[in-house]
Amino acid sequence: MTAFALVDGNSFYCSCERVFDPRLEKRPVIVLSNNDGCAVARTNEAKALGIRMGHPYFQIKDLCRREGVVALSSNYALYGDMSRRLNQIYDRFSPDVEIYSIDESFIDVSRLPVKDRTTWAKDLRSTVKQWSGIPTCVGIGPTKTLAKLANKVAKKLADGVLDLSGSTERERVMADFPIGDVWGIGPANQAKLAAMGIQFAGQVRDLEPRQARQLMTVVGERLVHELNGRSCLPLETVPPVRQGCAVTRSFGQRVTRKPEMEQAVAGYATRLGEKLRRHGLATDQVTVFMHTSRFDDDEPQRSVSMTVDLPEATNDTLTLIKASRRAVDQLWKSGYRYAKAGIVTQDLVPPSGSQQALFDGLDHERAARVMQALDEANKRWGRATVFPAAMGIKREAFSTKFEMRTPRYTTRWDELPECR
């Protein structure tokens, strides 16, 4: 019988910060999104003060000052490296690990006897804490959905571990587990279920699969099977091929000039090209968008987007920049204070398997040589050592700001921790 463990880092971003600054222990800490916009991670102490996920920082700045909340900018280089280290530890406990997100991983524990799984999970937690400093919780169940559910409950337990392999324990837990916390039930389906008087996971489990399908499509039918202990979601140890890719940023300050928007979008196209080449993919269209901020109450609002088709699929940065700037030319309208822009692609394909253009074809060999030289230089000497001139030299006006970011302790020689 299948069995999965879901391991996740508690308040992961905040826990990473605490590893390198013990003074943050027991204090309310929040980590903010790009440009220090809103709370994306909160310690239990911060949650107790009423700070919600996604709470705009400008709305809680006075609360943070009054209650001594430590607000930090996102430090993605640190969090990504700490995530990598956690998964290296998980690999020591099982060869079958699926990295689900930066702070969550599924582990196949089917080979473990049921009686040994809790002990195994406690050993995993203590090892991770000792080797990395990150506190974790472990939920175990015969399906991924039940492992997720168990993990949610485990966060409230002293030992941070819950095994729902047994039907009796599952019955007890699901009897009063809110449907809003069930993996796979979004706000729309939650409203549909609530209208039927369904409030708890146990009630969803007892639905007829056909009824669940009619109510929530095939996702609902699969959910009912998963809650009944019938696994429908296998472990994915090989990441699925990307179907789309996006590079979006909020600006450090409002953009009001077209040259600045052109430079910003050229930077996003450059990053998009890097991502596509790293994954061995290409795209034959790019969608560029830009919009103002709904928080600028006294300013005129505008949100626009445009898709530009390419003659054939490519991951060449210069081609992507040309297409994206064409979109900016069409979309730009003065008199607005733009807060965010980005590039989105869909239907990605391997470059070798894409349809070749009959006319206006791209010189793939030349582009590949140029991009290889660009990538190798930036890999050796650091990102943006070499970059297209379209990005501009001075990008402070629209660059993302991290004014309260801590050092990138584990990935930069000049920011290593110091003993004093």
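Here the structure is a predicted model, which means the values were calculated and not measured. (Residues numbered from 1 in each chain as written. Predicted model: local features only at pLDDT ≥ 70, side-chain atom pairs only at ≥ 80, totals over all residues. Heavy atoms only, no water.)

Peer 1: Which residues make up the pairing of strand 7 (residues 136-141), and what values do they have?
Peer 2: Within strand 7, six of the six residues are buried, leaving the element largely enclosed by the surrounding structure. Summarising the sheet, strand 1 (residues 4-9) and strand 7 pair through six bridges and their orientation is antiparallel. For Phe-4, the partnering residue across the bridge sits in strand 7 and is Gly-141. With three bridges connecting them, strand 7 and strand 8 (residues 161-163) associate as parallel partners. Bridge pairing in strand 8 links Ile-140 to Asp-163. (Buried < 20%, exposed > 50% of the residue type's maximum accessible area, 1.4 Å probe, protein only. Helix = DSSP H or I, 4+ residues; strand = E, 2+ residues; numbered from the N terminus. Pairing = 2+ DSSP bridges.)

Peer 1: Could you give me a rundown of the nonpolar core, with the residues and numbers involved?
Peer 2: Ranked by internal contacts, the top residues of the largest apolar core, which has 32 residues, are Phe-251, Met-261, Leu-272, Met-290, Tyr-338 and Ile-343. Broken down by element, the residue count for this core peaks at eight residues, all from helix 11 (residues 258-278). Core analysis: the next-biggest nonpolar cluster, separate from the first, contains 31 residues, Leu-78, Met-82, Ile-107 and Val-128 among them. (Core = buried A, V, L, I, M, F, W, Y, C linked by side-chain atoms within 4.5 Å.)

Peer 1: Quick one: what's the story with the sheet that holds strand 6 (residues 104-108), residue by residue and with numbers?
Peer 2: Across the sheet, five strands lie side by side as 5-6-1-7-8; this open sheet has mixed pairing. Only two strands of the sheet have a single partner each, and these edge strands are strand 5 (97-99) and strand 8. The average undirected angle you get between the axes of adjacent strands in this sheet is 15°. Each of strand 1, strand 5, strand 6, strand 7 and strand 8 touches helix 6 (residues 144-154); the most contacted strand, strand 7, lies at about 140° to it. (Axes fitted to C-alpha atoms, helices over the stretch in contact; angles between N-to-C directions. Contact = heavy atoms within 4.5 Å.)

Peer 1: Hey, could you go over helix 10 (residues 209-227) for me, with residue numbers and the actual values?
Peer 2: With 19 residues, helix 10 extends just 11 Å between its outermost C-alpha atoms, more than 12% less than the 27 Å of an ideal straight helix rising 1.5 Å per residue. The sharpest bend along helix 10 comes to roughly 145°, located at Met-216. Among the residues of helix 10, those classed as buried are Ala-212, Leu-215, Met-216, Gly-220, Glu-221, Leu-223, Val-224, Glu-226 and Leu-227. As for helix 10, its buried residues are in contact with helix 6, helix 7 (167-174), helix 8 (187-195) and helix 9 (201-205). (Expected span 1.5 Å × (residues − 1). Bend = angle between axes of the 7 residues up to and from the residue.)

Peer 1: Give a description of the pattern of salt bridges that names residues and reports values.
Peer 2: Tallied over the entire structure, the rule returns 25 salt bridges. Residue Glu-67 is joined to Arg-66 by a salt bridge in which the shortest nitrogen-to-oxygen separation is 4.0 Å. In this structure, Arg-277 engages Asp-375 in a salt bridge whose closest nitrogen and oxygen atoms are separated by 2.7 Å. Placement of the pair is Arg-277 in helix 11 and Asp-375 in helix 13 (residues 364-381), with a sequence separation of 98 residues. The partly exposed category is assigned to Asp-375, whose relative accessible area is 27%. (Salt bridge = Lys/Arg side-chain N within 4 Å of Asp/Glu carboxyl O.)

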